[in-house]
Every structure is written in C-alpha cells, then in structure tokens.
Amino acid sequence: RSHEITRDCPRSHVRRRWPAYPAVAGSSPKPSRSLPSLAYPRLRLLATCRAAEEGGDASGRDIDPADDGPRLAIHAGKPALLEAELRREHAQDAVNGRPVGAPKPAAGEPQSKALEVYWLVVEGLRPEGERNPMVHCQALVVTSAATAAVRARVRFAAPSPAGDYTLRVHVASSTVVGVALAQEVPFTVQEDDVPELE
C-alpha cells in the first residue's frame, strides 16, 4: 500500500518506499535491478576544529578522537577549519563498487548511483535566547556500498572576540527516515598578538 495514492493522501505527500531496504510490515517489495540490497545504516560521527594554517589537504585522512597533540592556536578573524567524518560501520565488501552478488547495471545505465545521501548542517551555538546562525550546509553522497567513511571540510572565519565557542554538527539521512546524528565541537579562539608588518 505504500505505493498507492489514496483519497486522504495527496500525490505531493506520497513517497515511494526506498527499494534497497526491506518493508517493515512483512511485505517483500520486488528486488531492484539497479540498487543493491543495503544494510540499515550504522553510523558514527566525528568532528574536530583547528586552525586552517595547520596546512595540507587533510581531506583524505581519518579523524582520530584520541588525538590530543599540540595544535596551532585559532586566532580571531583568521581562517579556521572544521573537519567532519561520517563513518559507515555497515559498509559492505564490494567488487567494482557493488556488493558481492549484486546484479550488474543494465546497458546504458550509469555505473555510479547515490546509494545513501546525508545532509551535513553546521550551526554556531549562541547564548540562550539568541538565534543560532547556520555556518554551513552540504550533501554527503555515498555511491559505493564499500565506502567506509565520507568526509567534509568546512572553512570559516574564526569569531571575535577571543573566547570559547561551540559548533554543533548535524547529519541526517535523506534516504532513511529517522537516521540522524549530532555532535558539539568546542574550540577556543585567541587574540592574534603578532603585529602586522608595515
């Protein structure tokens, strides 16, 4: 019945059941030739904030939650970097981007499809009673069942004045209802005491 349009349910409110996941009421939807059977998402969200001047393109590195080594100070008004990593603990073994045993795409069909899509939203936390600004929003797309993690790097200007601040990172699935995570990322901003060159 999830595919039917009833008198009480306008067409704009009907959503076709995601074919990669089994129905919950004991029904068995027909298998899709183009979408492999995926496990229910098991996710872990990691995020950290650092000075952008620490250099290098770290978009491919894993975030180590136990890493408490020395870092450059984040200075007011200077570029800062939020790194977020969504780990897919349900990642499946795959060959050529498909789970083992999954049907091959039909002729002329794209080899890469969005299997899972998540929205990453970053907000800056302000004192109670004030509106939190949205710092960043982007989609995280998974095209292979074997993908172990998807990452994002958000560059922003460190706030002023110096002090302690917090970002809240939200991740929500747009393909599976109810899959959402959030993590707060505190960081400290210092005044830049280096005089400008004349």
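In case you missed it, the structure is sitting above this.
Remember, predicted model here, so these are calculated numbers, not experimental data.

K.L.:
Give a detailed account of the pairing of strand E9 (residues 163-173), specifying residues and quantitative values.
P.N.:
Alignment of strand E6 (residues 116-124) against E9, held across 7 bridges, turns out to be antiparallel. For Leu 120, the partnering residue across the bridge sits in E9 and is Val 171. Summarising the sheet, E9 and strand E10 (residues 180-190) pair through 10 bridges and their orientation is antiparallel. The residue of E10 that forms the bridge with Asp 164 is Thr 188. Linking E9 to E10, which pair antiparallel, is a turn of 6 residues; within it Gly 178 sits at a positive phi near 90 degrees.

K.L.:
Residues and numbers for the packing of aromatic side chains, please.
P.N.:
The full count for this structure, using the stated rule, is 2 aromatic pairs. An angle of 70 degrees between the planes, with centres 6.0 Å apart, marks the rings of Phe 156 and Phe 187 as edge-to-face. Separated by 31 residues along the polypeptide, Phe 156 in strand E8 (residues 149-157) and Phe 187 in strand E10 bring together distant segments of the chain. Under the relative-accessibility criterion, Phe 156 is labelled buried at 13%.

K.L.:
Could you give an account of the side chain of Glu 123, naming the residues involved and the relevant values?
P.N.:
Relative to the helices and strands, Glu 123 is located in strand E6. A relative accessible area of 16% means that Glu 123 is categorised as buried. A polar contact of 3.2 Å, which involves the side chain of Glu 123, links it to the side chain of Asn 132.

K.L.:
Explain the pattern of salt bridges to me, and be specific about the residues and the numbers.
P.N.:
In total, this model carries 8 salt bridges according to the counting rule given. Of the charged contacts, one joins Glu 83 and Arg 50 as a salt bridge, the two residues approaching to 3.3 Å between their closest N and O atoms. Remark: Arg 50 occurs in strand E1 (residues 43-51) and Glu 83 occurs in strand E3 (residues 79-88); sequence separation between them is 33 residues. The pair Glu 83 / Arg 50 is uniform in exposure class, with both members buried. In this structure, the salt-bridge partner of Glu 184 is Arg 168, at a minimum N-O distance of 2.9 Å. Remark: Arg 168 occurs in strand E9 and Glu 184 occurs in strand E10; sequence separation between them is 16 residues. For Glu 184, a relative accessible area of 44% translates into the label partly exposed. Look at Arg 168 and you get partly exposed, because its relative accessible area is 24%.

K.L.:
Tell me about the sheet that holds E9, and name the residues and values.
P.N.:
As a general point, the strands of a sheet are linked pairwise by backbone hydrogen bonds and lie either parallel or antiparallel. Taken in spatial order, the 5 strands make up an open sheet running E2-E10-E9-E6-E7, and their pairing is mixed. Two strands close off the open sheet at either side, each with one partner strand: strand E2 (74-75) and strand E7 (134-142). By the bridge criterion, 2 bridges tie E2 to E10 in an arrangement that is parallel. Its bridge partner lying in E10, His 75 is registered against Gln 190.

Calculation notes
- Residues numbered from 1 in each chain as written.
- Predicted model: local features only at pLDDT ≥ 70, side-chain atom pairs only at ≥ 80, totals over all residues.
- Heavy atoms only, no water.
- Pairing = 2+ DSSP bridges.
- Helix = DSSP H or I, 4+ residues; strand = E, 2+ residues; numbered from the N terminus.
- Phe/Tyr/Trp six-rings, centres within 6.5 Å; stacked < 30°, edge-to-face > 60°.
- Buried < 20%, exposed > 50% of the residue type's maximum accessible area, 1.4 Å probe, protein only.
- Polar contact = N/O pair within 3.5 Å; in protein donor to acceptor, adjacent residues only side chain to side chain.
- Salt bridge = Lys/Arg side-chain N within 4 Å of Asp/Glu carboxyl O.

Read these as geometric descriptors, not functional statements.
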